[in-house]
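Next come the chains, spelled out residue by residue.
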Amino acid sequence: VLLALAVVLQISLGGLVVTMGVPIALASAHQANGALVLVLLVALLHAARPSRPAGSAPPDMTTVMADRSRRSTVSGMAGNVAPASDAAGEGASSLEPPGGVLVWLVIFIELLTFAAGLLSFAVSRNGEPAVFAAGRGALNQPLALANTIVLLTGGWTMANGLASLRRCSVEASGRWMMGAIACGGLFLALKSVEYADKLRHGLDLHHDTFFTFYWLLTGFHVLHVLAAVAILGALLRGVRAGRYTSRDLLDVESGAAFWHLCDLIWLLLYPTVYLLA
Amino acid sequence: VAALSLLSVVSLTLLWGALTAGLRAGRACPTFPGMFGGLVPPGVLGAGASIASFLQEPLAVQFVHRSLAWTTAAGALAVCAVCWGAGG
């Protein structure tokens with residue numbers, strides 16, 4: 001999902017680069033995101049590589065699925081207590097950040113990409129202050145504030161979901177994660193209302209420079225929220241099926257980190273696009 | 001196999017991206033998603049086209065880069081669908 005998202009972002013950035021006359025900040029974002037696509041693809045290949053001792057026969061898919069199923073059953077039967085093999089076999093290095101290195105690499109490059117986009121926005125605003133002031137005046141400030149509160153609430157509920165899972169409270173964790181997904185859904189619903197209103201008033205992508213940036217920057221962010229909601233949904237299913245335990249949290253931690261990235265990007269977008277004159 | 005094929009296309013796209021930047025071919029066509037209103041910009045596949053033009057002419061270089069990028073997008077979505085179908 002992240003790979004597909006990065007590719008869609010890359011194509012959109014490419015379109016923006018050529019239509020805006022190749023500004024250096026956007027071209028840099030396009031190049032940084034190109035590197036992200038390569039990193040994600042290499043990571044996918046690495047993850048798909050079967051790990052087995054040298055000389056042993058490769059496992060077939062049936063064996064792998066049976067093993068996963070058995071582990072899930074064992075986790076479920078053991079209630080909230082992780083089997084010892086989880087800690088020994090999948091224990092991450094103490095130097096590894098929560099969620100693993102890959103998701104933090106993704107966060108770093110995503111922030112670079114958005115930072116370049118916002119920098120380009122700020123530079124263009126200096127060139128056309130009247131256009132940007134008029135554009136900002138046409139935005140729905142109360143709706144944007146509501147969306148900020150919704151996303152921050154979503155971040156809080158996901159943090160509680162992860163903390164509950166660490167405390168072995170699987171049911172509470174599921175409820176908190178459901179809350180985070182609901183916040184994501186509410187954000188997308190409010191955003192749809194905002195977008196419909198803009199389109200109704202003819203403020204589309206090509207209206208002026210401000211709205212080109214508005215649609216692309218907030219649109220990329222909406223794509224991220226969509227992906228994050230899908231990821232949280234898959235994780236919630238796993239949590240309810242007993243697939244994750246207090247000692248086997250890597251997937252949930254990386255999903256939570258990606259969800260918090262959506263919060264963070266919005267906290268950069270909201271003041272830059274909606275508030276700053 | 002699908003991911004390895006995609007890796008080849010992505011690598012080629014990145015290489016062509018470097019060529020596009022080096023030739024300043026990004027400015028050759030300022031329209032998106034089409035190129036001057038069509039999938040193929042006028043003259044690129046015409047009578048005067050040669051293999052060398054796809055490495056030297058800014059418009060043709062940007063056309064190849066865009067074509068590779070669309071191929072990458074289709075491949076990435078296909079790989080995503082395959083991974084999703086295989087259970088993540």
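What counts as what
- Every chain begins its residue count from 1, and numbering advances along the sequence as written.
- Each chain takes a letter, starting from A, and each ligand takes a number, starting from 1, following the order in which they are written.
- Selection of residues for local features in this predicted model requires a pLDDT of at least 70, selection of side-chain atom pairs for listing and counting requires 80 or more, and totals for whole chains, interfaces and linings are taken over all residues.
- Processing note: side-chain calculations cover all non-hydrogen atoms of the structure and skip hydrogens and water entirely.
- Secondary structure elements follow DSSP: runs of H or I no shorter than four residues count as helices, runs of E no shorter than two count as strands, and numbering proceeds from the N terminus.
- Using a 1.4 Å probe on the protein chains alone, a residue whose accessible area is under 20% of its type maximum counts as buried, one over 50% counts as exposed, and one in between counts as partly exposed.
- Note on definitions: a residue-residue contact is assigned when non-hydrogen atoms from the two residues lie within 4.5 Å.
- Surface accessibility follows the Shrake-Rupley procedure with a 1.4 Å probe radius. Residue values consider only the protein chains on display as shielding.
- Note on terms: buried area is the combined drop in 1.4 Å-probe accessible area of two parts once they are placed together, counting the loss on both.
- The term salt bridge refers to a pairing of a side-chain nitrogen on Lys or Arg with a carboxyl oxygen on Asp or Glu at a separation within 4 Å.
- N or O atoms within 3.5 Å of each other form a polar contact, as long as, within protein, one can give a hydrogen and the other can take it, and as long as residues adjacent in sequence are counted only when both atoms are side-chain atoms.
- Under this grouping Gly is polar, as are all residues other than the nonpolar Ala, Val, Leu, Ile, Met, Phe, Trp, Tyr, Cys and Pro and the charged Asp, Glu, Lys and Arg.
- Only protein atoms enter the calculation, which uses a 1 Å grid: trapped sets of points that fit a 1.4 Å probe without letting it out are cavities, open sets showing protein on both sides within 12 Å along at least five of seven lines are pockets, and any residue with an atom within 4 Å of a point is a lining residue.
- Grid points are joined across faces, edges and corners, and a volume is the space filled by probe spheres set on the points.
- Patches here: salt-bridge-free residues with over 30% relative accessible area, like charges joined within 9 Å, nonpolar side chains (Val, Leu, Ile, Met, Phe, Trp, Tyr) joined within 5 Å.
- The span expected for a helix works out to 1.5 Å for each residue beyond the first.

**Q** Would you mind showing me how to read the overall build of chain A here?
**A** Across its full length, chain A holds ten helices and zero strands. Starting at the N terminus, the α and β elements of chain A follow one another as α-α-α-α-α-α-α-α-α-α. For chain A, with 277 residues in total, the buried portion stands at 46%. Counting contacts in chain A only where the partners sit at least 6 residues apart, residues at least 24 apart contribute 80% of the total. Carbon and sulfur atoms provide 67% of the accessible area of chain A, an area that totals close to 13000 Å².

**Q** Looking at this structure, how should I read the interface of chain A and chain B?
**A** Counting residues at the interface gives 20 residues for chain A and 28 residues for chain B. Summed over both partners, the interface of chain A with chain B comes to about 1800 Å²; 82% of that surface belongs to carbon and sulfur atoms. Where chain A packs against chain B, one counts zero salt bridges. Across the contact surface, chain A and chain B share zero residue pairs in polar contact (both at pLDDT 80 or more). For the side of chain A that touches chain B, the elements supplying multiple residues, two or more each, are α1 (2-19) and α2 (24-48) of chain A. The element that contributes the greatest number of residues to the side of chain A that touches chain B is α2 of chain A, accounting for nine residues. Of the residues belonging to the side of chain A that touches chain B, the class tally is 13 nonpolar, six polar and one charged.

**Q** Just to check I follow, could you spell out the layout of surface pockets for this structure?
**A** Regions of empty space are outlined by a rolling probe, equal in size to a water molecule, passed over the atoms. Computed from the structure, the second largest pocket encloses a volume of approximately 800 Å³. Its residues assigned to classes, the lining of the second largest pocket shows 16 nonpolar, 14 polar and three charged.

**Q** Looking at this model, I keep getting lost on the pattern of salt bridges. Mind explaining?
**A** For side chains of opposite charge, pairing can occur when their charged atoms come near one another. Residues and elements named next belong to chain A. All chains considered together, the criterion is met by four salt bridges over all chains. A salt bridge links arginine 166 to glutamate 253; its shortest N-O distance comes to 2.8 Å. In this pair, arginine 166 sits in helix α7 (residues 141-166) while glutamate 253 sits in helix α10 (residues 250-275), placing the two residues 87 residues apart along the sequence. What makes glutamate 253 buried here is its relative accessible area of 15%. As a salt-bridge pair, arginine 200 and aspartate 197 come within 3.3 Å of each other at their nearest N and O atoms.

**Q** What am I meant to see in a nonpolar patch on the surface here?
**A** All names here are of chain B. Among the surface-exposed residues, Leu39, Val40 and Leu45 lie close enough to one another that they form a single nonpolar patch of about 330 Å² accessible area. Mapped onto the elements, leucine 45 comes out in the loop between α1 (2-22) and α2 (53-56). Residue class for leucine 45 comes out exposed when judged on its relative accessible area of 55%.

**Q** Would you take a moment to explain α7 of chain A for this structure?
**A** Helical geometry note: an α-helix holds 3.6 residues per turn, so side chains three or four residues apart project in the same direction. Residue and element names in this part refer to chain A. Across its 26 residues, α7 extends 38 Å between first and last C-alpha, which sits within 8% of the 38 Å expected from 1.5 Å per residue. A distance of 3.2 Å separates the backbone nitrogen of leucine 143 from a side-chain oxygen at the start of α7, and that oxygen is part of asparagine 140. Looking one or two residues beyond α7, the residue adopting positive phi is cysteine 168, at roughly 70 degrees.

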